[in-house]
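# Survey of secondary and tertiary structure
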Amino acid sequence: MRFKYVLNEVLVGLWRNVTMTIAMIITMSVSLTMLGASVLMYMQVDQMKNYYYGEIEVSIFLREDVTEAQRSAINQAIDQSPLVQQKTYESREDAWKKFQVLWADSPDFVKSVGPDSLPESFRVKLKDPEQYQAFADQIKTQQGIQDIVDQRELLEKVFKIFNAIQVMALVVAAFMALAALMLVGNTIQVAAYSKRREVAVMKLVGASNWFIQAPFVLEAVVAGLIGAILGFVFIFVSKVVLLDGRLQALTNVLTPIPDGNVWLMLPLLAAVGAGVSAITAWITLRFYLKV
């Protein structure tokens, strides 16, 4: 009987303040969407780091006037280094073919660059990418080297951009969460004010605190859960339609997001939405109803 009464009061309360309830759900869904996207991005950046750092190479570009003896000496020095895992040699012709493939969509740019403009190079994969400086110190003394480039430095710049986007998403989610909390508190206050007489009567007849608070707290929990579900749906649809559809070409650069990570957002967002809403409603009632 009590459960039926509480459930009925929750449904009546949500419908009585339907406008504020909808506003609360929308705000909560937006904030939880931003939170879920931020968590997914955090997980994805870590996955990309593990993948790309495992594929990092050191590029040793040779001078245009490098001699055969110098080239052989550089090749021998690389082979003798205990830091090297594998090595490939890329001639000017190979570099030109790769350049044509990479810039196939810009034929005018390809025409402006000739095979002689691209240097020959050695592509070296180290056993431990962190040992780049030690390897560079070993090789740079060889004659005929124009430049030594560590791909890790380029990747770190890219990941700094991803980390900045992640922080921005978290900041936006925090502001939206604050707005959602204020709406939750305001909605609960309005609901409590509209039922102030009923609450007074229930207190007079000896109703327990949890029995009085339960309908209001559950209203906030239901709104939080609906917002979490909507947020998850938006994230899932965005992943399927955009990342798996129109932006699928980005998977050549960005590692694909596993479906398991996306589904993990549902219980996470539901727990955050319901938990934060319940705590906010309970604190609001403690101050407003003095129970």
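A brief report on the enclosed structure follows. Model, not experiment: these values are computed from the prediction.

Turning our eyes to something else, we now look at the overall build of the chain. The number of helices and strands found in the chain is 10 helices and four strands. The helix and strand sequence of the chain, counted from the amino end, reads α-α-β-α-β-α-α-β-α-β-α-α-α-α. Across the 291 residues of the chain, 38% fall into the buried class. When the accessible surface of the chain is summed, it comes to about 17,000 Å², and 64% of that surface belongs to carbon and sulfur atoms.

Glancing now at the sheet that holds strand E3 (residues 121–126). If you trace the four strands from one edge of the open sheet to the other, you get E2-E3-E1-E4, paired in antiparallel fashion. Every interior strand has two partners, whereas the edge strands, strand E2 (84–90) and strand E4 (145–150), have only one. For this sheet, the mean inter-axis angle between neighbouring strands, taken without regard to orientation, is 20°. Where strand E1 (residues 58–62) and E4 come together, five bridges link them in antiparallel fashion. What sits directly across from Leu62, in E4, is Ile145. Its contacts with the sheet place helix H6 (residues 132–139) against E1, E2, E3 and E4, and it is angled at close to 175° to E4.

With that settled, consider the packing of aromatic side chains. One pass over the structure, following the stated rule, counts four aromatic pairs. Look at Tyr89 and Phe122: their rings are 5.2 Å apart centre to centre, the planes differ by 55°, and that puts the pair in the tilted class. A residue pair is termed long-range when its members are at least 10 positions apart, and Tyr89 in strand E2 and Phe122 in strand E3 qualify at 33 residues. According to the relative accessible area criterion, Phe122 is buried, its value standing at 2%. The structure contains a cluster of three or more aromatic residues connected by ring pairs, namely Phe232, Phe236 and Trp263.

Evaluation of the coordinates by the stated rule reveals eight salt bridges. For Glu68, the salt bridge identified is with Arg71, shortest N-O distance 2.5 Å. Taken as a pair, Glu68 and Arg71 lie in helix H3 (residues 68–80) at a separation of three residues, close to a single helical turn. Judged by its relative accessible area of 52%, Glu68 falls in the exposed class. The class for Arg71 is buried, based on a relative accessible area of 16%. Salt-bridge contacts for Arg71 lead to Glu120; the nearest nitrogen and oxygen are separated by 2.9 Å. Of the two residues, Arg71 sits in helix H3 while Glu120 sits in the loop between helix H5 (107–112) and E3, which places them 49 residues apart along the sequence. The same class applies to Arg71 as to Glu120, namely buried. Ionic contacts of the salt-bridge type, sharing partners, join the residues Glu68, Arg71 and Glu120 into one network.

Moving on, we get to the environment of Gln138. With respect to the helices and strands, Gln138 occurs in helix H6. Of the residues examined, Gln138 reaches a relative accessible area of 37% and is grouped as partly exposed. Between the alpha carbons of Gln138 and Ala77 there is a distance of 8.1 Å; along the sequence they are 61 residues apart. If near-sequence neighbours (up to four positions away) are discounted, Gln138 is found in contact with Ser81 and Leu83.

In this fold, Val172 is placed in helix H7 (residues 151–194). Judged by relative accessible area, which is 38%, Val172 ranks as partly exposed. Separated by 138 residues in the primary sequence, Val172 and Met34 have C-alpha atoms spaced 7.2 Å apart.

Turning next to the side chain of Ser38. Tracing the sequence through the fold places Ser38 in helix H2 (residues 18–54). A polar contact is formed between the side chain of Ser38 and the backbone oxygen of Met34, at a distance of 2.8 Å. Every residue in contact with Ser38, bar those within four places of it in the chain, is listed here: Gln166, Ala169 and Leu170.

Moving on, we get to H6. Here H6 has its buried residues at Tyr132, Phe135, Ala136 and Ile139. Viewed along the axis of H6, the buried residues span an arc of 100°, placing them on a single side of the element.

This part takes up a negative patch on the surface. The grouping of Glu64, Glu93, Asp94 and Asp116 at the surface amounts to a negative patch. Summarising the element assignment, Asp116 is placed in the loop between H5 and E3.

Rules behind the numbers
Residues numbered from 1 in each chain as written. Predicted model: local features only at pLDDT ≥ 70, side-chain atom pairs only at ≥ 80, totals over all residues. Heavy atoms only, no water. Helix = DSSP H or I, 4+ residues; strand = E, 2+ residues; numbered from the N terminus. Buried < 20%, exposed > 50% of the residue type's maximum accessible area, 1.4 Å probe, protein only. Areas by Shrake-Rupley, 256 points an atom, 1.4 Å probe, with all protein chains shown as cover. Pairing = 2+ DSSP bridges. Axes fitted to C-alpha atoms, helices over the stretch in contact; angles between N-to-C directions. Contact = heavy atoms within 4.5 Å. Phe/Tyr/Trp six-rings, centres within 6.5 Å; stacked < 30°, edge-to-face > 60°. Salt bridge = Lys/Arg side-chain N within 4 Å of Asp/Glu carboxyl O. Polar contact = N/O pair within 3.5 Å; in protein donor to acceptor, adjacent residues only side chain to side chain. Arc of directions from axis to C-beta. Patch = residues over 30% accessible without salt bridge, like charges linked within 9 Å, V, L, I, M, F, W, Y side chains within 5 Å. Lys, Arg positive; Asp, Glu negative; His and termini not counted. Charge placed at Lys NZ, Arg CZ, Asp CG, Glu CD.

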